[in-house]
Amino acid sequence: MSRAPSRQDGGVGSGADSGTTAHRDRPESLAPGARVVIKVGSSSLTRPDGGLDLNRIDIIAGLTAGMRRRGHDVILVTSGAVAAGLTPLGLETRPQELRLLQAAASVGQGNLMARWQTAMSAYGVVAAQVLLTAQDVAVRSHYRTVRATFDALLSLGAVPIVNENDAVATDEFSLGDNDHLAALVSHLVTADVLVLLTDVDGLWTARPGTPGARPIRHVRRPADLEGVSVSGRGSQVGTGGMTTKVQAATISCASGTATLIASADDAAALLAGPDLPAQVGTWFDPTGPHRPSRRLWIAHASMPEGRILVDQGAARALTVGKKSLLLPGVTAVSGDFESGAVVDIVGPERAVARGICRYSAAELGEVLAARAAGTPAPDHVAPVVHRDDLAELPRTAGA
Ligand SMILES: Nc1ncnc2c1ncn2[C@@H]1O[C@H](COP(=O)(O)OP(=O)(O)O)[C@@H](O)[C@H]1O
Ligand SMILES: N[C@@H](CCC(=O)OP(=O)(O)O)C(=O)O
């Protein structure tokens, strides 16, 4: 499907947009042709008795079909596999143990996908199951393959229906929550808008029900979140609460994808036509351009294999000077990695960046040892991490 030229404005109609970041209003409509990732949480797909809410699945399938007719590419990220597997296995509540969660997800995913497929096909939409693991986004060659799969599905007019492949995820190697998965998928497909549908009307100043808590309708920049109390405790069936949604919005917005957190009850009000009512959900403006996928992959999806400690001057050169990391700034190295590995770069106060290291840990160790002994170091001229291979980490991340 052809894409509308919506990249400059985050895929939204300009509405009352003054054009300046400081006074930008919330957009009033979805731009024609915007590519939209819709994530539906477990809390929105399950009934109080634990079964799948087929009415909700039908509504979202119908909205997806309508959006496709209006020219949008739609990618659905669905939770609910664990929740859908509990009752058939005779489990009364969500188990803690990984193997039981995986058993539930294995049973539930088939059920969940069958329901989506039936609902989508009733509206003439071809649904495609895509189950991802952390490896698929952490290993660059997998990442490229997955992106090609999404491109093929979208160009053939199918709607990818994505979940984590919970049955094979391990404790150490799992995406953990579908809000994060939805942010990574948004980046993979260069989405214009990410819609996180949940059981609450967007982000509130504090957990709804807290005295004085009120909904926030528009987040223009991360600083707008100061003072907002976000809890990781969600519904009975959900994972991560509002914390993972705000993290997902932050990741997506930084890579040019506007994000809307809203109640699944308001899905029709938001997605049945181009209009985006101002008093529904929370809209997060994009905070950066659609970034080259390589940099975002380095920052949010890759698995660092080691750490390079740097002095204050090097940390400043990376963060303020926007420079490459050079050998003289390196003070120590940890981990056993080959050249080409992703590493965290840690300054005296915190982890400042993540990047692809052009030397192995052993080569860096040799340089450091020679420096300590006052003997000539091997004659390396290449930067340790080139600026093009480097992504800065936000202040809150890392050490
Ligand atoms: N500041 C906040 N604003 C809105 N909701 C919040 C906030 N802090 C915590 N929450 C909780 O987050 C829950 C949604 O998260 P979760 O149950 O994980 O949903 P999902 O299953 O849709 O991913 C809401 O039910 C709400 O109680
Ligand atoms: N992959 C899991 C979803 C985990 C998750 O993040 O759930 P939720 O917080 O409801 O989006 C499942 O399908 O049950």
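Residues numbered from 1 in each chain as written. Chains lettered and ligands numbered in written order. Predicted model: local features only at pLDDT ≥ 70, side-chain atom pairs only at ≥ 80, totals over all residues.

- An unreviewed UniProt entry lists the chain under the name Glutamate 5-kinase, with Actinomyces capricornis as the source organism.
- Of the chain, the UniProt comment under Catalytic activity (unreviewed entry) reads exactly: "L-glutamate + ATP = L-glutamyl 5-phosphate + ADP".
- Per UniProt, the chain carries the Function (unreviewed entry) text "Catalyzes the transfer of a phosphate group to glutamate to form L-glutamate 5-phosphate." (UniProt positions renumbered as here; feature names shortened; annotations may be inferred.)

1. Digging into the site of ligand 2
Working step 1: Around ligand 2 sit 17 residues in total, of which Ser42, Ser79, Ala81, Val82 and Asn178 are the nearest.
Working step 2: Those elements that provide at least two residues to the shell around ligand 2 are α1 (42-45), α3 (81-86) and β4 (159-164).
Working step 3: With three residues, α3 is the single largest residue contributor to the shell around ligand 2.
Working step 4: Class assignment for the residues of the shell around ligand 2 results in four nonpolar, 10 polar and three charged. (Near = placed C-beta within 6 Å. Helix = DSSP H or I, 4+ residues; strand = E, 2+ residues; numbered from the N terminus. Nonpolar A, V, L, I, M, F, W, Y, C, P; charged D, E, K, R; others polar.)

2. Re unusual backbone geometry
Where the residue is not glycine, phi is negative for most of them; where a peptide bond is considered, it is trans in most cases.
Working step 1: Positive phi outside glycine occurs at Thr190, with the angle close to 50°.
Working step 2: Of note in the backbone geometry, Lys322 takes a positive phi value of approximately 55° without being a glycine.
Working step 3: Within the secondary structure layout, Lys322 lies in the loop between α11 (312-319) and β10 (330-334).
Working step 4: Accessibility expressed as a C-beta count within 10 Å gives 10 for Lys322, which makes it exposed. (Buried ≥ 20, exposed ≤ 12 C-beta atoms within 10 Å, placed from the backbone.)

3. Remarks on helix α4 (residues 98-122)
Working step 1: Helix length check: α4, at 25 residues, gives a terminal C-alpha distance of 35 Å against a target of 36 Å (1.5 Å per residue), a fit within 8%.
Working step 2: Its axis deflected by about 30° at Gly108, α4 carries its strongest bend there.
Working step 3: Those residues of α4 not exposed but buried are Leu101, Gln102, Ala104, Ala105, Val107, Gly108, Gln109, Leu112, Arg115, Trp116, Ala119 and Met120.
Working step 4: Downstream of α4 by one or two residues, Gly124 has phi in the positive range, about 75°. (Expected span 1.5 Å × (residues − 1). Bend = angle between axes of the 7 residues up to and from the residue.)

4. Examining the sheet that holds strand β12 (residues 351-356)
Working step 1: Taken together, five strands build an open sheet; the order of strands is β10-β9-β11-β12-β13 and the sheet is mixed. The outermost strands of the open sheet, each flanked by one partner alone, are β10 and β13 (390-392). The sheet shows a mean angle of 25° between the axes of neighbouring strands, direction not considered.
Working step 2: Sitting on the sheet, α11 touches β9 (306-310), β11 (342-346), β12 and β13, and the angle it makes with β12 is about 70°.
Working step 3: Contacting β9 and β10, helix α12 (residues 361-373) crosses the sheet at an angle of about 140° to β10. (Pairing = 2+ DSSP bridges. Axes fitted to C-alpha atoms, helices over the stretch in contact; angles between N-to-C directions. Contact = placed C-beta atoms within 7 Å.)

5. Points about the packing of helix α2 (residues 54-69) against α4
Working step 1: Where α2 meets α4, the closest approach of the two axes is 9 Å, and the angle between their N-to-C directions is 45°. If you check the angle between α2 and α4, you find them oblique. The interaxial crossing formed by α2 with α4 has right-handed handedness. Contacts from Leu54, Ile57, Asp58, Ala61 and Thr64 of α2 reach α4 at Arg115, Trp116, Ala119 and Met120.
Working step 2: Of the residues assigned to the contact of α2 with α4, the class counts are six nonpolar, one polar and two charged. (Parallel < 35°, antiparallel > 145°, perpendicular 65-115°, else oblique. Left-handed = near helix turned anticlockwise from the far one by under 90°.)

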